[in-house]
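Here are the chains, one letter per residue:
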Amino acid sequence: MAGDGLFGDRLAKLFPMIQEPSSGVVKSLQKGTFAAARMAYSGPVGDPTLPSPPDEAFALCLRLRNQRAETWLDGRHVPKGALKDETSIYDLRCETIVHFYEPFDFLYLYLPHNALSELANELGVGRVEYDVVGGTNSLDPILAHLGGCLLPMLERPHEANELFVGHVAMALNIHFLRKYAVSQPRNRSYRSGLAPWQLRTAKALMRQNLNGEIALARIASECGVSAAHFARAFRVSTGTPPHRWLMSQRIEQSKALLINSTSSLTEIAIKCGFSDQSHFTRVFSAAVGTTPGRWRLIRKD
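Conventions we followed
Residues numbered from 1 in each chain as written. Predicted model: local features only at pLDDT ≥ 70, side-chain atom pairs only at ≥ 80, totals over all residues. Heavy atoms only, no water. UniProt positions renumbered as here; feature names shortened; annotations may be inferred. Helix = DSSP H or I, 4+ residues; strand = E, 2+ residues; numbered from the N terminus. Buried < 20%, exposed > 50% of the residue type's maximum accessible area, 1.4 Å probe, protein only. Polar contact = N/O pair within 3.5 Å; in protein donor to acceptor, adjacent residues only side chain to side chain. Contact = heavy atoms within 4.5 Å. Pairing = 2+ DSSP bridges. Axes fitted to C-alpha atoms, helices over the stretch in contact; angles between N-to-C directions. Parallel < 35°, antiparallel > 145°, perpendicular 65-115°, else oblique. Left-handed = near helix turned anticlockwise from the far one by under 90°. Nonpolar A, V, L, I, M, F, W, Y, C, P; charged D, E, K, R; others polar. Expected span 1.5 Å × (residues − 1). Arc of directions from axis to C-beta. Salt bridge = Lys/Arg side-chain N within 4 Å of Asp/Glu carboxyl O.

Considerations on the UniProt feature "domain: HTH araC/xylS-type" (unreviewed entry) in the protein chain
Taking the numbering used here, the UniProt-annotated feature "domain: HTH araC/xylS-type" (unreviewed entry) corresponds to residues 200–298. Secondary structure over residues 200–298 splits into 74% helix and 0% strand, and the C-alpha atoms at its two ends are 34 Å apart.

Some remarks on the side chain of Asp105
Looking at the secondary structure, you find Asp105 in strand 9 (residues 104–112). According to the relative accessible area criterion, Asp105 is buried, its value standing at 13%. For Asp105, the side chain forms a polar contact with the side chain of Arg38, separated by 2.8 Å. Those residues in contact with Asp105, other than ones at most four positions away along the chain, are Arg38, Met39, Ala40, Leu62, Arg63, Leu64, Arg65 and Gln67.

Some remarks on the pairing of strand 9
Taking burial as the measure, the 9 residues of strand 9 include 9 buried ones, the bulk of the element. Here strand 9 shows no split at all, with Phe104, Phe106, Tyr108, Tyr110 and Pro112 on one side and Asp105, Leu107, Leu109 and Leu111 on the other all buried. Alignment of strand 4 (residues 57–63) against strand 9, held across 7 bridges, turns out to be antiparallel. Directly across from Ala57, in strand 9, lies its bridge partner Pro112.

Some remarks on the packing of helix 8 (residues 242–260) against helix 11 (residues 292–300)
Two numbers describe how helix 8 lies on helix 11: the axes approach to 9 Å, and their chain directions differ by 50 degrees. Here helix 8 is positioned oblique relative to helix 11, judged by the angle of their axes. Read as a crossing pair, helix 8 and helix 11 show a hand that is right-handed. Contacts between helix 8 and helix 11 pair Lys255, Leu257, Leu258 and Ile259 from the former with Pro292, Trp295, Arg296, Arg299 and Lys300 from the latter. Grouping the amino acids of the contact of helix 8 with helix 11 by side-chain chemistry returns 5 nonpolar, no polar and 4 charged.

Some details on helix 10 (residues 277–288)
Helix length check: helix 10 (12 residues) gives 16 Å between terminal C-alpha atoms against 16 Å at 1.5 Å per residue, within 8%. Along helix 10, the positions that sit buried rather than exposed are His279, Phe280, Val283 and Phe284. Looking straight down helix 10, one finds its buried side chains confined to an arc of 115 degrees; they lie on one side. On its buried face, helix 10 sits against helix 8, helix 9 (265–271) and helix 11. The opening residue of helix 10 is Asp276, an N-cap whose side-chain oxygen sits 3.2 Å from the backbone nitrogen of Ser278. Positioned one or two residues after helix 10, Gly289 has a phi angle of 95 degrees, which is positive.

Some thoughts on the pattern of salt bridges
Scanning the model with the defined rule gives 11 salt bridges in all. The shortest N-O distance in the salt bridge between Glu213 and Lys31 comes to 3.6 Å. Separated by 182 residues along the polypeptide, Glu213 in the loop between helix 5 (196–208) and helix 6 (216–222) and Lys31 in strand 2 (residues 24–31) bring together distant segments of the chain. A residue is classified by how much of its surface remains accessible, and Glu213, at 39% relative accessible area, is partly exposed. Where Asp105 meets Arg38, a salt bridge forms, and the shortest distance between an N and an O atom there is 2.8 Å. Taken together, the positions of Asp105 in strand 9 and Arg38 in strand 3 (residues 34–41) put the pair 67 residues apart, joining distant regions of the chain. The partly exposed category is assigned to Arg38, whose relative accessible area is 22%. Among the charged side chains, a network of salt bridges with common partners joins Arg156, Glu159 and Arg282.

Given below as structure tokens:
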């Protein structure tokens, strides 16, 4: 089994079949209370999963391929979907056992109840109850899209910065509350952006942490607002989410260094918050349309 991350290791222990080194792959990441794992298995099917230990959380299992399986929740048989891009939702307070009948590949998203409750309070909902039956199968394009945003991070976890993962995690939690909570969040107006001092503070903090290893909640706290309010107000003020604004700052700083210094591409990559030269080249090329080496050569000719 190929595995990454303690969360993925813990989850993989419930899957006896995935322990086979040549057939099972686990990729995972965890930032704060949020965790995600990709579980893939290509070998012969065998025994069901082990019973899941009780946990105060929801699990969203997004299928990345068609796969047939059966599920038991607290000993009760529950029909399980089989379609690609379909999501099964489980309340982990119930003991869950899954029996796969063919190879599988899915994305497992872990949403703790306490994180959902805290966000509900920030949104002015207060206490919420959930209008979702354990084992529910849903073709939810928003869950599929947000889950898909995490797949590149699972393949390259060293590039998974705190700010980006926090942004996706918040979007997943907000969507889950809005779609599956009995008490829907009230519609609030977030048309006003951040105050000038808040915007200055946020930008300064992000410039000081170009690698993105600063939590959205930390920046919001420095601005005196909740993380949910900050994310929306920052977008109103700048026209872009915090993690994309940060990426643009990396690119602009790298351009200045490419022109005004003799630093190597590797040195510039690290100074500008990229994990390595390969990461720098890939992001720069996507944003600018050419590699940083060629961009520097053209500007210095």
